[in-house]
Amino acid sequence: MSSNIQIKNTIDPKLPAIRVLLAERGPLEIVKVRISMVDNTQIMLGIVSSYDQLLESITKEQPHLVILGNIDVTDYFTICQGCRAIYDKLLIILLSNQEITNDSFREVLKSYGVIDTISSNDLTKLNGIFDQLLMTSHQQTGKKQLQPIATGQMMLVSLNEIIAISNNYFGPLAQGNYWRKAHALVIEQFPFIQNWAVDHFSKVTCLESILELELTDKDMQCLRIWVQFFIEECERIIVDYGKILKSSDLSLPAQDLLSTTN
């Protein structure tokens, strides 16, 4: 996860793990949540303190659950709408400083996409939620596990991650040429690539209609092949450039785009 996120390092690699993102800027509440998770060795806990960090982390880190506390934006509708624009099946829990949540308010929150509300003074309900997520994850072992559906926005961010790393090795004009050459090589066989473009300064864009679209496996394969052809262009200059990218600090979605490389 990115540098603004703190991660528990007690994960058993043999068992499924749940990625939880806590959006909270209050030190006391953060401590309470961390303490409540101390015995859950299968929970990877990330912490962000602002709305922008929250959206960035959802895009890059693909959490299974967001615990929404007190951040710089207080409009729950805006926050939930922004989160679900990235991943519409994201589970969101509201962390409240109230002991009891009014039923009518709870129903309003559900309409925003909040599945439950818990009090920061009593986090025992969290363990039951984690147990349910872990049980689902175990049942799906060997299948596609709790993996958010890739969106156009997620892949746009991921492609720009690859470009940012590549800027350390190639000038923006050269890299832009490599991307566009790769684009021309694959566009006839993979028409989905028509929705994407890279300018002369290596900035990648896609059609607005693609940003919130749930990409299919075929769409993702098109993007991977485009990346593969780009890497082959780079390897005319730097041998094994694909390995260099794979060893870089890329998010999980960006790593997925490299999955067809050697």
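Definitions and limits used
Residues numbered from 1 in each chain as written. Predicted model: local features only at pLDDT ≥ 70, side-chain atom pairs only at ≥ 80, totals over all residues. Heavy atoms only, no water. Phe/Tyr/Trp six-rings, centres within 6.5 Å; stacked < 30°, edge-to-face > 60°. Helix = DSSP H or I, 4+ residues; strand = E, 2+ residues; numbered from the N terminus. Buried < 20%, exposed > 50% of the residue type's maximum accessible area, 1.4 Å probe, protein only. Pairing = 2+ DSSP bridges. Right-handed = clockwise from strand over helix to strand, strands pointing away. Core = buried A, V, L, I, M, F, W, Y, C linked by side-chain atoms within 4.5 Å. Contact = heavy atoms within 4.5 Å. Arc of directions from axis to C-beta.

Participant: Teacher, can you tell me more about the packing of aromatic side chains here?
Facilitator: Within a pair of aromatic rings, the relevant descriptors are the distance that separates the centres and the angle that separates the planes. According to the stated counting rule, one finds six aromatic pairs in the structure shown. Where Trp179 meets Trp226, the ring centres are 5.2 Å apart and the plane angle is 75°; that geometry is what we call edge-to-face. Taken together, the residues span a long stretch of sequence, with Trp179 in helix α7 (residues 172-186) and Trp226 in helix α9 (residues 217-234) at a distance of 47 residues. Judged by its relative accessible area of 1%, Trp179 falls in the buried class.

Participant: Looking at this structure, I do not really get the pairing of strand β3 (residues 65-68). What am I missing?
Facilitator: As a general feature of sheets, a regular strand has side chains that alternate between the two faces. Taking every second residue as pointing to the same face, both faces of β3 are buried, with Leu65 and Ile67 on one and Val66 and Leu68 on the other. Taken together, the four bridges between strand β1 (residues 18-23) and β3 define a ladder with parallel strand orientation. Bridging from a neighbouring strand, Ala23 pairs with Leu68 of β3. Summarising the sheet, β3 and strand β4 (residues 91-96) pair through four bridges and their orientation is parallel. Residue pairing in the sheet places Leu68 in a bridge with Leu94 of β4. The parallel pair β3 and β4 is bridged by helix α3 (residues 76-86), and the resulting crossover is right-handed.

Participant: For this particular structure, what's the right way to read the nonpolar core?
Facilitator: Ranked by size, the top nonpolar core spans 38 residues in total, and within it Met155, Leu159, Ile162, Trp179, Trp196, Leu223 and Trp226 carry the most contacts. Sorting the residues of this core by element identifies α6 (152-166), α7, β6 (196-198), β7 (204-206), α8 (208-211), α9, α10 (241-246) and α11 (252-257) as the ones contributing at least two each. Other than its neighbours up to four places away in sequence, Trp226 contacts Leu159, Trp179, Ala182, His183, Val186, Ile193, Trp196, Val198 and Val204. Listed in part, the 20 residues of the second largest apolar core include Ala23, Ile71, Cys83 and Tyr87.

Participant: Even after reading the chapter, I still don't get helix α1 (residues 27-36), so can you show me in this structure?
Facilitator: Residues spaced three or four apart along an α-helix point in a common direction, a consequence of the helix completing one turn every 3.6 residues. Along α1, the positions that sit buried rather than exposed are Ile30, Val33 and Ser36. Mapping the buried residues of α1 onto a view down its axis gives an arc of 130°, with all of them on the same face. Residues Pro27, Leu28 and Ile35 are exposed on α1 and point more than 90 degrees away from its buried face.

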